[in-house]
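Residue strings, one per chain:
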Amino acid sequence: MELWLATGNKGKIAEFQNLLKGMNLDIHIQSELSFFSQPEENGDTFLANATLKAKALHAVKPDSWTVADDSGLVVEGLGGLPGIHSARYAGANAQPSENNAKLLKMMQIRAMTNRKAYFHCSLVAMSPSHELFHFEGKFEGDIATKSSGSGGFGYDPVFIPAGETRTLAEMTSAEKNAISHRGKAMRAFVEVLKNHL
């Protein structure tokens, strides 16, 4: 069975492949389709954006599973920012290091005493029979006072999971996947997938 991932994010692709390991799946990524361009993420929620991406890829791969997620960091002291704008918090083409630098700067200005935050993942999957499935994952923690670690991607160097002293970027990928927002959503999807393979 073919499964297509609606993402160009290398970090997400690696996580998806890891979490789907052992399944009888032929996994592909959208960049393999030279004619496909990902739709603009103009939804006002994580779920809306994930649905846009999953449906767009399914339109060109209707006989396969297509999977998309929209994830982001929600910071309490910043009124929920960066939220759905997490990937472009420091600008449309910002690098993760730039997003992290802006986040740490904003924390100094606005929220030094309230560092509570959580990652949210909305994952949408469409089956070869055009069924739409939706899964959510939430992962709580705090924003670090400085960037630490070289693993992971995105905001991992500035996020300390609840009950931990290390940032996500200081943890192994297996440790992260066991507790992360995307890991939770993916495991729920895998249970559904098992019933369809």
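For the structure itself, consult the block above.
Presented here is a report on the structure given in the accompanying data block. These figures come from a predicted structure and were not determined experimentally. (Residues numbered from 1 in each chain as written. Predicted model: local features only at pLDDT ≥ 70, side-chain atom pairs only at ≥ 80, totals over all residues. Heavy atoms only, no water.)

## As for the packing of aromatic side chains
So the rule is basically this: Two aromatic rings, drawn from Phe, Tyr or Trp (for Trp, its six-membered ring), form a pair once their centres lie within 6.5 Å of each other, and the interplanar angle then sorts them: stacked below 30 degrees, edge-to-face above 60, tilted otherwise. Strands here mean DSSP runs of E at least two residues long; helices mean DSSP runs of H or I at least four residues long; both are numbered from the N terminus. Burial here depends on accessible area, computed with a 1.4 Å probe over protein chains only, as a share of the maximum for the residue type. Under 20% is buried, over 50% is exposed, and the range in between is partly exposed.
Throughout the structure, instances matching the rule amount to five aromatic pairs. Centre to centre, the rings of Trp-65 and Phe-189 are 5.7 Å apart; their planes meet at 65°, and the pair counts as edge-to-face. Of this pair, Trp-65 sits in strand β3 (residues 65-75) while Phe-189 sits in helix α5 (residues 181-194); the two residues are 124 residues apart in sequence, bridging distant segments of the chain. For Trp-65, a relative accessible area of 1% gives the class buried. Since its relative accessible area comes to 0%, Phe-189 is described here as buried.

## Here's the deal with the sheet that holds β3
Test applied: We call two strands paired when DSSP finds no fewer than two bridges between them. Each axis is a line fitted through C-alpha atoms, taken for helices only over the stretch in contact, and angles between the N-to-C directions span 0 to 180 degrees. Residue contacts are defined here by distance: any two heavy atoms, one from each residue, within 4.5 Å place the two residues in contact.
Judged by pairing direction, the sheet is mixed, and its six strands sit side by side in the order β2-β1-β3-β4-β5-β6 without closing on themselves. What marks the edges here is a single partner per strand, and that holds for β2 (26-29) and β6 (159-161). On average, adjacent strands in this sheet sit at an angle of 35° to one another, irrespective of strand direction. Pairing of strand β1 (residues 2-5) with β3 involves three bridges; the strand directions are parallel. By the bridge assignment, Leu-5 is partnered in β3 with Val-67. Running over the sheet, α5 touches β1, β3, β4 (116-126) and β5 (132-143) and is turned about 155° from β5.

## As for the nonpolar core
To keep things clear, this is the line we draw: Nonpolar core, defined: a set of buried Ala, Val, Leu, Ile, Met, Phe, Trp, Tyr and Cys residues in which side-chain atoms within 4.5 Å join the residues together.
Counting residues in each nonpolar core, the largest one holds 22 residues, and the members touching the most others are Leu-3, Leu-20, Val-67, Leu-123, Phe-189 and Leu-193. Looking at this core, the elements with two or more residues in it are β1, α1 (10-19), β3, β4, β5 and α5. Of all the elements, α5 adds the most residues to this core, at six residues. When neighbours within four sequence positions are excluded, Phe-189 is seen to be in contact with Leu-3, Leu-20, Trp-65, Val-67, Leu-123, Ala-125 and Phe-135. Within the second largest apolar cluster, 18 residues are counted, among which are Val-75, Tyr-89, Leu-103 and Ala-117.

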